[in-house]
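# Fold and contact review
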Amino acid sequence: MRILVYGTGGVGGYFGGRLAQASHDVTFIARNESLKAIRENGLVVKSVNGDFTVHPAKVTDDISEVETPELVILGLKSWQIKDAAKQLKSIITEETMVLPLQNGADNMEKLQEILPKRNVLAGFCRIYSKKEAPGVINHFQFDPEIIFGELNNEKSDRVLELKEIFNNAGFKGIVPDDMYKAIWKKFGFIATVSGLGGLTRVSIGKMWQDDYLQDVLKKTGLEIQAIAQAKGVNFDDEDIAQLFQFIGKQGESATASTQRDIMAGRPSELENFNGYIVKQGKKLGIETPVNEFIYRALLPMEKEARN
C-alpha cells in the first residue's frame, strides 16, 4: 500500500517504520533536523519488540513531492490537524483514507471541516514511544495498537483490509464495534492523567499511590464521563471502573506524552484535553471544577510555551 506518514515523531515514526519494514511504500513528512537525520542515516527505531532501521527511507518536507497516497497516517499533535488537512487536499483523491492517531475526542470533526467525509476514518493508538533524537524513535513500553474504523462503525472492506495490513506489519489493528466509545475510553485515560501529571511532575504510578492524588484523578475522570454521556457516548460506569483499574496498573516510570511536553516546556495537548472538557462543560451546562483547575493552573505555562 502507498502510505504517507505525516509527522515522524514517536507515533508516526514507529507505525510508519513498521509499515515500511513490511515492504509498504511509505513516505514520511519530517522537518529540520529530523529530515536531515533520516536522509543521512535512515529512520532508526529502538523498540522493546526489536530494534530496526528503515534505510534508505523516503522522506521530505514538501508535500507537493508526494505521490497520491492510498492511506495517510497523521502523527501530528491535535492542534496541527487542520493545517495538515489543508495541505493534504492537493494530493489526495476520493479513495484516500486519512487516519488520525492523535489523542483527543474531536479529531474526526476537525478533519471533516476541511476534507470530504468519505476520506476520514476515526482512530487512535496505544503506544509508549517518543522521539529520542532527530530520526530516532524509542518505543519503550506496551505492545502497540491502532484502533480505528469508519465514522458510522461499518465494517467496510477498506477497514478490514487495513486491519490485515496492520496486523501483518508487527502491531495490532483493532476495529471496535463502537468507535466513539473506544475513543472516549482512551481519551478518558489520557486526559485524566496528563494534566495532573504535568502539575505534579511525577509518574502515573506515583500519583496513583498517593491517596489524595488518586482521588483527584478519579474526580477528573468522572467529569470526563459526564461530558461523554451528555454527548450521547456510551461511556458507562463499567468503563470508568476499567479506566481506574488501568491507571492503577501503570508503572512507576510511566508518563504520558502530553505530561512530558508540559514538563519540558513544549506546546502540549492541554487545550484538547482538560481545556476541551471545560469548554464542553460550559456548552452543555455541566460543572467541571477539577478539570478547570488543572486547565487554568497549566494555561499560563502553555501560553508561554506557544510564544
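Just so you know, these numbers come straight off a predicted model, no measurement behind them.

## Quick word on the overall build of the protein chain
- For the protein chain, the count of helices and strands is twelve helices and ten strands.
- Relative to a compact globule of 307 residues, whose C-alpha radius of gyration would be 19 Å, the protein chain shows 19 Å and is just as compact.
- The buried share of the protein chain, reckoned over its 307 residues, is 57%.
- Considering only contacts within the protein chain whose residues lie at least 6 apart along the sequence, 70% involve residues at least 24 apart.

## Some thoughts on the packing of aromatic side chains
- Scanning the entire structure with this criterion turns up eleven aromatic pairs.
- With a centroid separation of 4.8 Å and 75° between ring planes, the pair formed by F15 and F171 is classed as edge-to-face. Of this pair, F15 sits in helix α1 (residues 10-21) while F171 sits in the loop between α5 (157-168) and β10 (172-174), placing them 156 residues apart in sequence. No difference in accessibility class separates F15 from F171, as the two residues are buried.
- Since its relative accessible area comes to 3%, F171 is described here as buried.

## Some points on the packing of helix α11 (residues 274-284) against helix α12 (residues 289-306)
- Following both chains from N to C, one finds α11 and α12 inclined at 130°, their axes separated by 8 Å at the closest point. Taken together, the axes of α11 and α12 lie oblique to each other. Along this stretch, α11 crosses α12, giving a crossing that reads as left-handed. Residues N274, G275, I277, V278, K279 and K282 of α11 touch α12, and the partners they reach there are N291, E292, I294 and Y295.
- Broken down by class, the residue content of the contact of α11 with α12 amounts to four nonpolar, three polar and three charged.

## Here's the deal with the pairing of strand β8 (residues 122-133)
- Sheet topology places β8 next to strand β9 (residues 136-149); ten bridges connect them, and they run antiparallel. By the bridge assignment for β9, K130 is matched with N138.
- The hairpin formed by β8 and β9 contains two residues between the paired strands, and G135 there has a positive phi angle of roughly 80°.

## Describing the pattern of salt bridges
- Per the counting criterion, the structure on display carries 19 salt bridges.
- The closest approach of N and O atoms between D25 and K58, which form a salt bridge, is 2.7 Å. Taken as a pair, D25 in strand β2 (residues 25-29) and K58 in strand β5 (residues 58-60) lie far apart in primary sequence, 33 residues in all.
- With a relative accessible area of 43%, K58 lands in the partly exposed category.
- Among the ionic pairs, E95 bridges to R118, the shortest N-O distance being 3.2 Å. Here R118 lies in the loop between α4 (107-112) and β8 and E95 lies in the loop between α3 (81-88) and β7 (97-100), a separation of 23 residues in the sequence.
- Residue E95 is classed as partly exposed on the basis of its relative accessible area, which comes to 46%.
- Members of the salt-bridge network, linked through shared partners, are K181, K185, D236 and D239.

Cut-offs used in this document
- Residues numbered from 1 in each chain as written.
- Predicted model: local features only at pLDDT ≥ 70, side-chain atom pairs only at ≥ 80, totals over all residues.
- Heavy atoms only, no water.
- Helix = DSSP H or I, 4+ residues; strand = E, 2+ residues; numbered from the N terminus.
- Rg over C-alpha atoms; globule rule 2.2 N^0.38 Å.
- Buried < 20%, exposed > 50% of the residue type's maximum accessible area, 1.4 Å probe, protein only.
- Contact = heavy atoms within 4.5 Å.
- Phe/Tyr/Trp six-rings, centres within 6.5 Å; stacked < 30°, edge-to-face > 60°.
- Axes fitted to C-alpha atoms, helices over the stretch in contact; angles between N-to-C directions.
- Parallel < 35°, antiparallel > 145°, perpendicular 65-115°, else oblique.
- Left-handed = near helix turned anticlockwise from the far one by under 90°.
- Nonpolar A, V, L, I, M, F, W, Y, C, P; charged D, E, K, R; others polar.
- Pairing = 2+ DSSP bridges.
- Salt bridge = Lys/Arg side-chain N within 4 Å of Asp/Glu carboxyl O.

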